[in-house]
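# An overview of the molecular structure
Here is what each chain is made of, one letter per residue.
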Amino acid sequence: MSSTAAVRRRPRGALLPTVAVLATLVVGFTLFSGIWTDRLWYQSLGYEGVFSTLLLTRLGLFLVFGLLMALIVVGNVALAYRLRPRLRAPSPNSELLERSRDVLESRLVRILVILGVVIGLFGGGSGAGNAETYLAWRNATPFGEVDPTFGLDLSFFVFDYPWYQLVASFLLVALLMGSAGAAIVHYLLGALRYTPGQRVTSRAAMVHLSVLLGVALLVFAVQQFLDRYGFPLTTNALSNAEMTAIGYADENARVTGRLILAVIALICALVFFANAWLRRWVFPVLAVALMVLSGLILSVIYPVGLQAITVQPNEPDLERPYIEQHIAATRTAYGVEDVEIETYDATTVAEAGQLRADAEALPGIRLIDPAIVSPTYEQLQQVRGYYSFPRVLDVDRYTIDGVETDAVVAARELNLAGLENRSWNNTRTVYTHGYGLVAAYGNRAVGGEPDWIVRDIPPVGELSEYEPRIYFGEAMDQYAIVGAPAGTPPIEFDTPGGGPDGGPQLTTYSGEGGVAIGSLFDRVLYAMRFTDVNILLSERVNEASKILYDRTPRERVQAAAPWLTIDSNIYPAIVEGRLVWIVDGYTTSNSYPNSQRLSLQDATSDSESQLLPVGAQLSQDVNYMRNSVKAVVDAYDGTVDLYAWDEEDPVLQTWRNAFPDTVQDRSEISADLLSHLRFPEDLFKVQREILARYHVTDPAAWYQGNDLWRIPTDPVRGGNAKETPYYLSIQWPGDESPVFSQTAVYVPNERQNLAAYMAVNADASSPDYGRLRILRMSDTQQIAGPGQTFNEINTNVTVAERLRPFNNQGAAQASYGNLLTLPIGGGLLYVEPIYTQRAGSDGSYPALSFVVARFGETVAIGTTLQEALDQVFGGDAGADTGEDVPGQPGGGTPTDPEEPTGEVDNPAAAAALDRAEQAFADADQALRDGDLATYQAKNDEARVAIEEALTALGR
């Protein structure tokens with residue numbers, strides 16, 4: 001009977017190990033498939049060196065940290081067991097303690113193995129997660145500058161200090177865990193006993209714990225010594241501000257206090273070592289108590305007292321040298337130390353011919369708002385529902401007929417959500433790519449619609465000679481399987497027309513990008529990676545197939561250079577016959593001494609970033625930032641090219657040492673590519689944030705905070721979001737010609753009038769690229785800020801009358817575009833396009849209908865910028881805006897100053913709008929008279945008239 005039962009129990013006993021082995025195999029194969037497919041992907045990208053460097057570094061750190069922590073903890077636990085008393089008194093009142101002892105003694109090896117594995121994984125994970133910290137330390141490049149407090153090269157703080165902190169903290173945690181584990185074992189095995197009125201420690205346990213805790217105190221002493229170097233990276237609160245920098249109390253109390261505390265910890269360690277022979281816990285305990293008390297006095301009581309009694313009453317004087325260091329370090333760390341600030345005595349009087357001297361700048365005024373016209377591009381250039389454009393378009397430059405032209409551009413990417421049949425074959429093997437770039441002139445419209453530079457499928461226009469297929473793009477968030485043997489009929493959808501019998505044209509991918517999955521082994525790995533069995537079962541996956549994944553430019557650049565922070569705005573361009581994505585990459589640090597720390601997410605967030613595909617930057621604190629790399633991702637084959645832009649940046653040099661041959665020299669950038677590079681948005685936003693306070697270089701004035709600037713909120717889009725910077729071609733006062741720039745404005749803190757105008761030369765081909773300049777408004781004349789100007793536009797009687805048909809809940813609605821600010825005509829010119837859109841219609845889209853201009857106190861509205869400017873400047877602005885499109889009706893031909901202004905170019909549309917305006921006026925009068933029937937009838941009449949106007953305009 002018993003033998004039969006034993007036989008029956010054997011399968012049950014084998015079940016758990018079998019399940020464990022199978023689970024281990026599955027987990028192991030899953031990990032292997034992930035690592036191996038990553039290797040294949042990096043190999044296809046051409047950056048296998050990055051993969052191997054990171055993998056070997058992480059593996060090495062995992063083993064070193066994991067083994068070290070396991071040895072410290074498990075070794076001390078095993079040593080404690082080895083030093084157990086041979087004879088021990090029983091514990092009559094602790095049955096649990098006796099059971100624990102029995103378990104420990106009977107299963108020691110198993111416990112040590114499990115403990116070692118768990119502790120090793122914990123320690124190894126912490127080490128592997130800091131691979132970049134190690135690589136930065138191992139390949140550190142000197143800055144060639146020293147900090148003013150310790151006289152150390154800045155590279156110590158940026159590269160060395162974080163690594164030393166990590167190692168010291170790791171060792172201290174490991175030693176404390178080892179001490180706790182050893183103490184528990186000593187207690188369980190009777191080497192440590194506690195009964196009321198009696199504490200007993202065996203000699204072996206006393207020596208073991210004394211030495212172990214002494215070593216921990218040595219590490220703690222080293223940690224306290226290192227903490228001295230952390231004060232230039234801490235935040236100090238002054239009476240009127242906060243600064244990330246060392247302060248008076250830090251240098252005169254806390255730095256010395258940390259050094260004294262390190263010496264005290266060293267003495268305490270010696271006391272613990274001596275206790276191995278003295279064998280009396282009272283001395284070590286007393287030493288630790290004195291150390292804690294000393295730490296409280298040196299780190300808290302004395303510095304706080306010094307701050308309250310000495311520093312605060314004399315703060316402006318005592319903190320002055322530290323504020324001066326802080327200002328200089330901050331301006332250097334963010335690259336704004338050479339900003340040029342000049343006082344601008346802006347005129348507010350508009351006179352005829354005033355813009356004649358700035359005639360070249362007028363064609364650079366962008367009227368097509370990238371944040372407004374995406375629906376227009378969708379309606380006019382989407383072609384099919386399975387294509388889409390981004391919510392916010394981009395601004396670039398192209399040379400058209402020998403003239404550099406600002407353009408609003410967008411890539412026509414694939415939108416799988418627009419497919420009617422979203423089967424696996426359709427989404428993975430047929431609809432694999434988008435098609436073409438669409439670009440329009442930024443400074444003009446034709447009949448309210450964009451004036452196209454390149455459009456349609458296949459591309460036609462000024463930029464039609466390029467490879468238009470987009471296999472890699474910002475909207476490509478799913479994998480695709482492409483490629484086929486030679487002679488196989490194509491199955492990939494290419495264009496809606498151009499095929500046999502007028503049907504769609506099909507193609508087969510022939511690019512270098514993608515991972516080959518022709519072998520069964522590779523297909524199994526990728527089926528596991530994507531948990532998709534169709535990769536194994538589909539007959540469309542063949543010996544010539546490739547799988548495309550991680551297809552967004554951000555993912556590919558981040559993988560090729562994991563040490564970069566990527567700009568939130570990536571834009572497309574046609575370069576040397578290829579459609580490419582241009583990506584700006586930043587080297588950043590959070591440990592540049594005495595530089596102000598800020599949140600990258602907060603600094604780069606504004607009204608437009610919320611509409612971008614990836615939004616603003618992730619939450620990350622920085623106090624050093626450089627645009628060190630320009631990256632290019634080919635839209636057809638996914639190739640990633642990294643170019644060193646700021647070659648003098650020590651952080652970039654460090655990473656080039658860590659990952660050799662991944663970043664090309666700046667000299668490798670072609671002239672065509674250079675013409676499309678620009679000053680990046682996020683860096684400009686960060687510099688804008690910094691200069692709001694750090695335009696002040698005098699420590700006393702900075703401390704008082706009486707000259708603070710503020711980034712205004714976006715008056716057009718409302719809410720609390722900051723106004724976005726704008727790319728414009730502007731002519732700086734005193735310059736001879738316009739320059740492609742990125743611009744922003746400031747208002748005084750707690751005020752709404754204009755404080756300053758800021759611009760940076762954004763043309764990468766210019767020798768003045770990156771030149772930051774600020775026009776500071778003169779105190780003798782108050783200039784309206786963006787919020788005040790937008791309010792003035794909304795309340796202006798003439799503007800209200802022109803927009804009345806669109807603001808009375810009629811058949812069309814008006815929406816305001818970006819409010820642009822330009823230094824022109826000796827003052828500041830505000831320009832705002834206004835779009836109209838038919839309400840309640842699926843096929844409606846915003847069309848440029850009006851332009852509002854303000855100079856000084858004069859506001860005018862016209863159907864073109866030329867018309868608005870001529871009104872503002874007394875019938876003659878003095879220059880041509882460049883809106884005239886020869887041979888195209890409604891192209892924005894300026895009105896004759898001798899003729900009445902403000903009329904729509906299309907007579908039928910103008911007559912219909914006049915009828916609508918009169919109907920709305922009659923409706924208002926009927927409402928005042930209480931005649932609701934007439935009120936409703938007149939509103940209906942007005943809506944019909946607006947529909948007629950829109951039809952006449954072709955919208």
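Summary of the structure given here. (Residues numbered from 1 in each chain as written. Predicted model: local features only at pLDDT ≥ 70, side-chain atom pairs only at ≥ 80, totals over all residues. Heavy atoms only, no water.)

## Some details on the pattern of salt bridges
Applying the stated criterion to the full structure yields 26 salt bridges. Put simply, D876 and R356 hold a salt bridge, and the shortest N to O gap is 3.8 Å. Taken together, the residues D876 in the loop between α24 (865–872) and α25 (907–929) and R356 in the loop between β5 (340–344) and α12 (374–381) connect sequence positions 520 residues apart. Relative accessible area serves as the criterion here: at 52%, R356 is assigned to the exposed category. For D707, the salt bridge goes to R776, with nearest N and O atoms at 2.5 Å. Placement of D707 in the loop between α21 (699–704) and β27 (709–710) and of R776 in strand β31 (residues 772–777) is noted, with a sequence separation of 69 residues between them. Here R776 falls in the partly exposed class, since its relative accessible area comes to 26%. Among the charged side chains, a salt-bridge network with shared partners connects D606, R678, E681 and K685. (Salt bridge = Lys/Arg side-chain N within 4 Å of Asp/Glu carboxyl O. Helix = DSSP H or I, 4+ residues; strand = E, 2+ residues; numbered from the N terminus. Buried < 20%, exposed > 50% of the residue type's maximum accessible area, 1.4 Å probe, protein only.)

## A look at the pairing of strand β11 (residues 437–446)
Of all the 10 residues making up β11, nine are buried; the element is thus mostly covered by neighbouring parts of the structure. Two strands pair when backbone bridges link them, and strand β8 (residues 403–411) and β11 are joined in this way by five bridges, in the antiparallel orientation. Opposite A411, over in β11, you have L437 as the bridge partner. With four bridges connecting them, β11 and strand β12 (residues 449–455) associate as antiparallel partners. (Pairing = 2+ DSSP bridges.)

## Concerning the pairing of strand β25 (residues 624–634)
Burial of β25 is extensive: 11 of the 11 residues sit out of reach of the surface. Pairing of strand β22 (residues 578–589) with β25 involves nine bridges; the strand directions are antiparallel. Paired with T587 across the strands is R626, a residue of β25. Direction of pairing for β25 relative to strand β26 (residues 640–644): antiparallel, over a ladder of five bridges. Opposite V632, over in β26, you have D641 as the bridge partner. What sits between the antiparallel neighbours β25 and β26 is a turn of five residues, in which G638 has the positive phi angle 75 degrees.

## Observations concerning α12
Residues S374, T376, Y377, E378 and Q381 constitute the buried set of α12. Its buried side turned inward, α12 meets β6 (387–388), β8, β11 and β12. V383 lies just past α12 and shows a positive phi near 75 degrees. (Contact = heavy atoms within 4.5 Å.)

## Looking at the packing of aromatic side chains
All chains considered together, the criterion is met by 49 aromatic pairs. Geometrically, the ring pair formed by W41 and Y549 is tilted, given 6.4 Å between the ring centres and 45 degrees between the ring planes. Placement of W41 in helix α1 (residues 2–45) and of Y549 in the loop between β19 (546–548) and α16 (553–560) is noted, with a sequence separation of 508 residues between them. Neither residue differs from the other here; W41 and Y549 are each classed as buried. Between F150 and Y229, the ring centres sit 4.8 Å apart and the planes meet at 65 degrees, which makes this aromatic pair edge-to-face. Of this pair, F150 sits in the loop between α5 (131–138) and α6 (154–188) while Y229 sits in the loop between α7 (203–227) and β3 (235–237), and the two are 79 residues apart along the sequence. Through pairs of rings, three or more aromatic residues link up here, namely F65, Y134, W137, F150, F156, F157, Y161, W163, Y164, F170, F225 and Y229. If you follow R84 out to its NZ or CZ, it ends over the ring of Y81, 4.1 Å from the centre. A cation over an aromatic ring shows up here: R678 above the ring of Y571, its NZ or CZ 3.9 Å from the ring centre. (Phe/Tyr/Trp six-rings, centres within 6.5 Å; stacked < 30°, edge-to-face > 60°. Lys NZ or Arg CZ within 6 Å of the ring centre and 35° of its normal.)

## So, the environment of S670
Locating S670 in the fold gives a position in the loop between α18 (650–658) and α19 (671–674). Judged by its relative accessible area of 21%, S670 is partly exposed. Along the backbone, S670 and R99 are 571 residues apart, and their C-alpha atoms lie at a distance of 76 Å. A distance of 3.0 Å separates a polar atom in the side chain of S670 from a polar atom in the side chain of E576. (Polar contact = N/O pair within 3.5 Å; in protein donor to acceptor, adjacent residues only side chain to side chain.)

## Quick notes on the packing of α6 against α7
Interhelical geometry of α6 versus α7 gives an angle of 160 degrees and a closest axis separation of 9 Å. Compared by their axis directions, α6 and α7 come out roughly antiparallel. Where α6 crosses over α7, the two elements pack in a sense that is left-handed. Split into classes, the residues belonging to the contact of α6 with α7 amount to 18 nonpolar, seven polar and one charged. (Axes fitted to C-alpha atoms, helices over the stretch in contact; angles between N-to-C directions. Parallel < 35°, antiparallel > 145°, perpendicular 65-115°, else oblique. Left-handed = near helix turned anticlockwise from the far one by under 90°. Nonpolar A, V, L, I, M, F, W, Y, C, P; charged D, E, K, R; others polar.)

## Some details on the sheet that holds strand β13 (residues 460–461)
Strand order in the open sheet made by the five strands is β7-β8-β11-β12-β13, with antiparallel pairing throughout. Bordering the open sheet on either side are β7 (394–400) and β13, each of which pairs with just one other strand. This element, α12, spans β8, β11 and β12 of the sheet and lies at about 60 degrees to β12.

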